[in-house]
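The chain contents come next:
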2 protein chains.
Amino acid sequence: MKIGLLGYGTVGSAVARIVEQRCPELEVARILVLPEFLTEPRMTANFDDIVSDPAIDVVVEAIGGIEPAHTYIARALAAGKHVVTSNKAVVAAHLEEFIGLADKHGVHLYVEACVGGGIPWIASILKARRIDEVTSFSGILNGTSNYLLDRMAREGVEFDEVLADAQRLGLAEADPSADIDGYDLKNKAVITAAACFGAPCRLDLPCFGVRTLTTELLGRLREKGLMVKFMLHGRASGTGYAAAVEPTLMASGSVEAAVPENYNIATLEGATIGTLKFYGQGAGGDPTGNAVVQDLLDCAEGRPQALELTRELAWEPELLRCDHVVAVNEEAAAALPADAEPFAEGMYLVPGRTHEELAAIMAQVAEKDPAPFAAMFEPAR
Amino acid sequence: MKIGLLGYGTVGSAVARIVEQRCPELEVARILVLPEFLTEPRMTANFDDIVSDPAIDVVVEAIGGIEPAHTYIARALAAGKHVVTSNKAVVAAHLEEFIGLADKHGVHLYVEACVGGGIPWIASILKARRIDEVTSFSGILNGTSNYLLDRMAREGVEFDEVLADAQRLGLAEADPSADIDGYDLKNKAVITAAACFGAPCRLDLPCFGVRTLTTELLGRLREKGLMVKFMLHGRASGTGYAAAVEPTLMASGSVEAAVPENYNIATLEGATIGTLKFYGQGAGGDPTGNAVVQDLLDCAEGRPQALELTRELAWEPELLRCDHVVAVNEEAAAALPADAEPFAEGMYLVPGRTHEELAAIMAQVAEKDPAPFAAMFEPAR
């Protein structure tokens, strides 16, 4: 099977290497790079050379970002080429369109590498759904933020210092917002919800970040046997669904609390299978490249990824109504709802709120405290 | 696809229920039960009614034990029927024979439900191996013993008392030996090694049990930040392999230490994928039945389980040479090798031993102490 590879960065070059070393049935025939990086004959700076080449069976998109990735994927599908992508942003934003194009042109779309790097997460969800209804999911699916929280908790180093370290080591971007404010997790939640529930998921999910977490707060929570993990959550029931991204208080002895460094873990609940968890490297060239190549092998075997959006679910934030713990200064505490109870020094338990209600509370609080922090206390009722 | 189901106990009845409720493309056409349990028309007490029925495409073996399961599976394969089994004992003992028969008669053998209940463990190993060499595995894959150790650690209740409780609750057998002396884990290690390494694995693996663990030992280990988990381990390198079953000292903050109750976790290491862990319910009708039905769906789609024993690896215990901690009385301590060092009260670190060397040491020690205990300290060098 001949591959047209778009992008030759961390993921793209890993895909090319793994294919060459381990998959004799696959061949990276063309590689799209920027004009200044044209270093070998199979490289081109012109996407037309790939999309118009009848010998190319499948396009691997490893550019990232929305454009031109969106246009390239849409054109590749319309040209009758299968598409494998590791680009969560473009998939979260255009999943329905891509699935529609793939169906229309009789080709397949593969998105395993978009969520959880090397963890076989999307495939495992779709496999579970052959038998079970998947009723909920959760996960630590951003390696950078887990690395930051893990080092803060273990070493007592403040957020800004750990972040600067991570940036020096290449573990965090110069602009860390996607990782620490939750935009990356939001895209992953959108794709995970689509896979778990078989329905489109809104893009503008409730989202609370970890930027305002301090080692002082971590210490007080630890005294209560709690760790902070930055997680996504989703739940469906009947004709509704909800999903959100929020720091989450996990018991110190829990499996999630033990997830170290930049590792990821993702959990699903199924009717007969019960709880399943999947753990591994959520980023990096080799693990993500491995996920792309797994999709390529399925494609070569003619096996589609059964990600279909055949249901229509209504947004129902009630499904994730739960307790939250918020940390605010004294002045802002006065702006909390009357049923908020002291939880620890500088922290309050706000019982039974949807994420939309929490967002309203945090907006009010933010007028008095420039750096409030909120965390789920019960992942679900 | 028409199924002949052998056995209608916990797993068999769950398979029938899941198929009926969730898989319109499958049908449990006949069920083999003992004569005294014949309660509906599709039931028979005569295996010939199933193996000779040309309408039956696949036989699900959920009887357990070696005979008559072995004979039934062999006859079903020879009669050109696919076989799905949840019986780890018969698969560990006869895997090569079954694979040979399946190949000869052009049918498929499926064994997912033998290891890790509802965890997609065998399928995930074989999937990883499409790209990677799997170099090692480990796992907590016996739910009963994990339940016992978890309650001992959390509640400080002694082994015999927790065991009696578990027996009352139906979580442990009247004869608990398979679970606490490691025979169950040994069968799972044999099947896991075959799947990970693509080679036959010897049945008589080194095996050390948890029967002699006390809450006193657990307490002293906890002071050193260590938890005891009952695990299997395997490793391959070059032309050799090793595997063993032994209580294992895991850091209190590790993912394994956090695995509660009767849950299971299994880990593989691959060349490009790195570490992958899979967590879920390792036993019970619904999870194990789910695994059987997943295999049935693959079978119905014509997808074989790629468990092939195409390599021949030599037994090489050096591959699991590691440190062990042994707990013995004072008299027996004098029988320990000269390089053993005090580790904690009543415990000694025996550095760098293969499991065969450890077995020799424990045999010597057993002359002076009727209840010695041994645990791996480093899962691998």
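For clarity, every value in this text was computed on a predicted model and none was experimentally measured.

Chemist: Honestly, the overall build of chain A in this entry has me stumped. Any pointers?
Modeler: Scanning chain A from N- to C-terminus turns up 13 helices and 16 strands. Since a compact globule built from 381 residues should have a radius of gyration of about 21 Å, the 22 Å found for chain A is in line with a globular shape. Principal-axis analysis of the C-alpha atoms places the extent of chain A at approximately 65 × 45 × 35 Å. Burial statistics for chain A: of 381 residues in total, 52% are counted as buried.

Chemist: Can you walk me through the sheet that holds strand 2 (residues 27-32) of chain B in this structure?
Modeler: One key point about sheets: their strands pair by backbone hydrogen bonds, in either a parallel or an antiparallel sense. All names here are of chain B. One open sheet accounts for six strands, arranged 3-2-1-4-5-6; its pairing is parallel. Each of the sheet's edge strands pairs with one partner strand only, and the pair in question is strand 3 (43-44) and strand 6 (109-110). Contacts from helix 11 (residues 285-300) reach strand 1 (2-6), strand 4 (58-61), strand 5 (82-85) and strand 6 within the one sheet, and its direction differs from that of strand 5 by about 160 degrees.

Chemist: Explanation requested: the domain arrangement of chain A in the structure shown.
Modeler: How big an interface is tends to be expressed through the accessible area that disappears when the partners come together. All names here are of chain A. Domain annotation of chain A identifies domain 1 (2-110) and domain 2 (134-281 + 313-376). Distance from the C-alpha centre of domain 1 to the C-alpha centre of domain 2: 33 Å. Counting residues at the interface gives seven residues for domain 1 and seven residues for domain 2. Taken together, the residues of the side of domain 1 that touches domain 2 break down into five nonpolar, no polar and two charged.

Chemist: Teacher, can you tell me more about the interface of chain A and chain B here?
Modeler: The interface is formed by 32 residues belonging to chain A together with 33 residues belonging to chain B. Contributing elements (two or more residues each) for the side of chain A that touches chain B: helix 1 (10-22), helix 5 (121-128), strand 11 (274-281) and helix 11 (285-300) of chain A. The residue makeup of the side of chain A that touches chain B, split by class, is 15 nonpolar, twelve polar and five charged.

Chemist: I'm lost on unusual backbone geometry in this one. Help?
Modeler: Leave glycine aside and you will find that most residues have negative phi; peptide bonds, for their part, are mostly trans. Residues and elements named next belong to chain A. In this structure, the amide linkage connecting Glu-67 to the following residue, Pro-68, adopts the cis form with an omega of 5 degrees. With respect to the helices and strands, Pro-68 occurs in the loop between strand 4 (58-61) and helix 3 (69-78). Positive phi, close to 50 degrees, is recorded for Glu-261, a residue that is not glycine. Looking at where Glu-261 falls in the secondary structure, it is placed in the loop between strand 9 (240-251) and strand 10 (263-270).

Chemist: I would appreciate a short explanation of the relation of the copies chain A and chain B in the present structure.
Modeler: The operation relating the pair of chain copies consists of a rotation about an axis and a translation along that axis. Relative to chain B, chain A is turned by 180 degrees and slid 0.0 Å along the rotation axis, the superposed coordinates differing by an RMSD of 0.0 Å. The superposition of one copy onto the other is thereby described by a two-fold rotation axis. A high fraction, 100%, of the interface residues of chain A reappear at the interface in chain B, so the copies pair face to face through one surface.

Chemist: How do you make sense of helix 4 (residues 88-105) of chain B when you look at a structure like this?
Modeler: What sets the pattern is the α-helix's 3.6 residues per turn: residues three or four places apart point alike. All names here are of chain B. The terminal C-alpha atoms of helix 4 lie 22 Å apart, and with 18 residues this falls more than 12% below the ideal 26 Å at 1.5 Å per residue. The sharpest bend along helix 4 reaches about 80 degrees and sits at His-94. Where helix 4 is concerned, the buried positions are Lys-88, Val-90, Val-91, Ala-92, Leu-95, Phe-98, Ile-99 and Ala-102. Against the buried residues of helix 4 lie helix 3 (69-78), strand 5, strand 6 and helix 9 (183-197). Just downstream of helix 4, Gly-106 is the residue with a positive phi angle, here 65 degrees.

Chemist: Would you mind going over the sheet that holds strand 5 (residues 82-85) of chain A with me for this structure?
Modeler: Residue and element names in this part refer to chain A. An order of 3-2-1-4-5-6 is seen for the six strands of this open sheet, with the pairing classed as parallel. The open sheet has two edge strands, strand 3 (43-44) and strand 6 (109-110), and neither has a second partner. Here five bridges tie strand 1 (residues 2-6) to strand 2 (residues 27-32), and the two strands are oriented parallel to one another. What sits directly across from Leu-6, in strand 2, is Leu-32. This element, helix 11, spans strand 1, strand 4, strand 5 and strand 6 of the sheet and lies at about 160 degrees to strand 5.

Chemist: Even after reading the chapter, I still don't get the environment of Pro-287 of chain B, so can you show me in this structure?
Modeler: Mapped onto the secondary structure, Pro-287 of chain B falls in helix 11. Each C-alpha atom of the pair Pro-287 of chain B and Pro-260 of chain B lies 17 Å from the other, and the pair is 27 residues apart in sequence. Sequence-distant contacts of Pro-287 of chain B, that is, excluding residues within four places in its chain, are made with Ile-273 and Gly-274 of chain A together with Gly-117, Gly-118, Gly-280 and Gln-281 of chain B.

Chemist: How should helix 7 (residues 159-168) of chain A be read in this particular structure?
Modeler: All names here are of chain A. Those residues of helix 7 lying buried are Val-162, Leu-163 and Ala-166. End-on view of helix 7: buried residues confined to an arc of 100 degrees, all on one side of the axis. The exposed residues of helix 7 that point more than 90 degrees off its buried face are Asp-160 and Arg-168. Residues of helix 7 that are buried make contact with helix 6 (143-155).

Chemist: What should I look at first to understand the nonpolar core in this one?
Modeler: General note: in soluble globular proteins, nonpolar side chains tend to be found buried as a group. Counting residues in hydrophobic clusters, the biggest one holds 263 residues, and the most contacted among them are Leu-5 and Val-15 of chain A together with Leu-5 and Val-15 of chain B. With near-sequence residues (within four places) excluded, Val-15 of chain B lies in contact with Leu-5, Val-60, Ala-62, Gly-289, Val-292 and Val-293 of chain B.

Chemist: Teacher, can you tell me more about the confidence of the model for chain A here?
Modeler: Residues shown with low pLDDT carry predicted positions that ought not to be read at fine detail. Overall, the predicted model of chain A reaches an average pLDDT of 96, with 99% of residues at or above 70. This complex was scored by the predictor with a pTM of 0.97 and an ipTM of 0.96.

Chemist: Teacher, can you tell me more about the pairing of strand 4 of chain B here?
Modeler: Residues and elements named next belong to chain B. Residues Val-58 and Val-60 of strand 4 are buried on one face, and the alternating residues Val-59 and Glu-61, pointing to the opposite face, are buried as well. Direction of pairing for strand 1 relative to strand 4: parallel, over a ladder of four bridges. Within the sheet, the bridge partner assigned to Ile-3 lies in strand 4 and is Val-58. Relative to strand 5, strand 4 runs parallel, the two sharing four bridges. Bridging from a neighbouring strand, Val-60 pairs with Val-84 of strand 5. Read as a crossover between parallel neighbours, the route from strand 4 over helix 3 to strand 5 is right-handed.

Chemist: How should the packing of helix 1 (residues 10-22) of chain B against helix 11 of chain B be read in this particular structure?
Modeler: Any two packed helices are characterised by how steeply their axes cross, that is the angle between the axes, and by the distance between the axes. Residue and element names in this part refer to chain B. For the pair helix 1 and helix 11, the least separation of the axes is 8 Å and the interaxial angle reads 60 degrees. Here helix 1 lies oblique to helix 11, going by the angle between them. Crossing hand, helix 1 versus helix 11: right-handed. Across the interface between the two elements, Thr-10, Val-11, Ser-13, Ala-14, Val-15, Ile-18 and Val-19 from helix 1 touch Gly-285, Asp-286, Thr-288, Gly-289, Asn-290, Val-292 and Val-293 from helix 11. Partitioned by chemical class, the residues of the contact of helix 1 with helix 11 number seven nonpolar, six polar and one charged.

Chemist: Would you take a moment to explain the environment of Ile-122 of chain B for this structure?
Modeler: Within the element layout of this structure, Ile-122 of chain B appears in helix 5 (residues 121-128). Not counting the four nearest positions on each side in its chain, Ile-122 of chain B is found in contact with Val-111, Glu-112, Val-115, Ala-195, Gln-305 and Leu-307 of chain B.

Chemist: Help me understand the pairing of strand 13 (residues 322-327) of chain B in this model?
Modeler: Consecutive side chains of a regular strand alternate in pointing toward one face of the sheet and then the other. Residue and element names in this part refer to chain B. The element strand 13 is largely enclosed, with a buried count of five among its six residues. The pairing of strand 13 with strand 15 (residues 347-353) spans five bridges and is classified as antiparallel. Across the sheet, residue Val-326 finds its bridge partner in strand 15, namely Tyr-348. Where strand 13 meets strand 16 (residues 373-376), four bridges bridge the pair, whose relative direction is antiparallel. Within strand 16, the residue paired with Val-325 across the bridge is Ala-375.

Chemist: Please clarify how the environment of Thr-214 of chain B should be interpreted in this entry.
Modeler: Among the secondary structure elements, Thr-214 of chain B is positioned in the loop between helix 9 and helix 10 (215-223). The contacts of Thr-214 of chain B, once residues within four sequence positions are left out, are Glu-158 and Phe-159 of chain B.

Chemist: Is there a simple way to think about the packing of helix 4 (residues 88-105) of chain A against helix 9 (residues 183-197) of chain A in this case?
Modeler: Residue and element names in this part refer to chain A. Relative to each other, helix 4 and helix 9 sit at 50 degrees, their axes nearing to 9 Å. Our classification of the angle between helix 4 and helix 9 gives oblique. Helix-helix and strand crossings are classified by hand; for helix 4 and helix 9 the assignment is left-handed. For the pair helix 4 and helix 9, contact is made by Lys-88, Ala-89, Val-91, Ala-92 and Leu-95 and by Asn-187, Lys-188, Val-190, Ile-191 and Ala-194, respectively.

So, how was this worked out
- Residues numbered from 1 in each chain as written.
- Chains lettered and ligands numbered in written order.
- Predicted model: local features only at pLDDT ≥ 70, side-chain atom pairs only at ≥ 80, totals over all residues.
- Helix = DSSP H or I, 4+ residues; strand = E, 2+ residues; numbered from the N terminus.
- Rg over C-alpha atoms; globule rule 2.2 N^0.38 Å.
- Buried ≥ 20, exposed ≤ 12 C-beta atoms within 10 Å, placed from the backbone.
- Pairing = 2+ DSSP bridges.
- Contact = placed C-beta atoms within 7 Å.
- Axes fitted to C-alpha atoms, helices over the stretch in contact; angles between N-to-C directions.
- Domains from an automatic or database assignment.
- Nonpolar A, V, L, I, M, F, W, Y, C, P; charged D, E, K, R; others polar.
- Least-squares fit on C-alpha atoms with pLDDT ≥ 70 in both.
- Expected span 1.5 Å × (residues − 1).
- Bend = angle between axes of the 7 residues up to and from the residue.
- Arc of directions from axis to C-beta.
- Core = buried A, V, L, I, M, F, W, Y, C linked by C-beta atoms within 7 Å.
- pLDDT = per-residue confidence, 0-100.
- Right-handed = clockwise from strand over helix to strand, strands pointing away.
- Parallel < 35°, antiparallel > 145°, perpendicular 65-115°, else oblique.
- Left-handed = near helix turned anticlockwise from the far one by under 90°.

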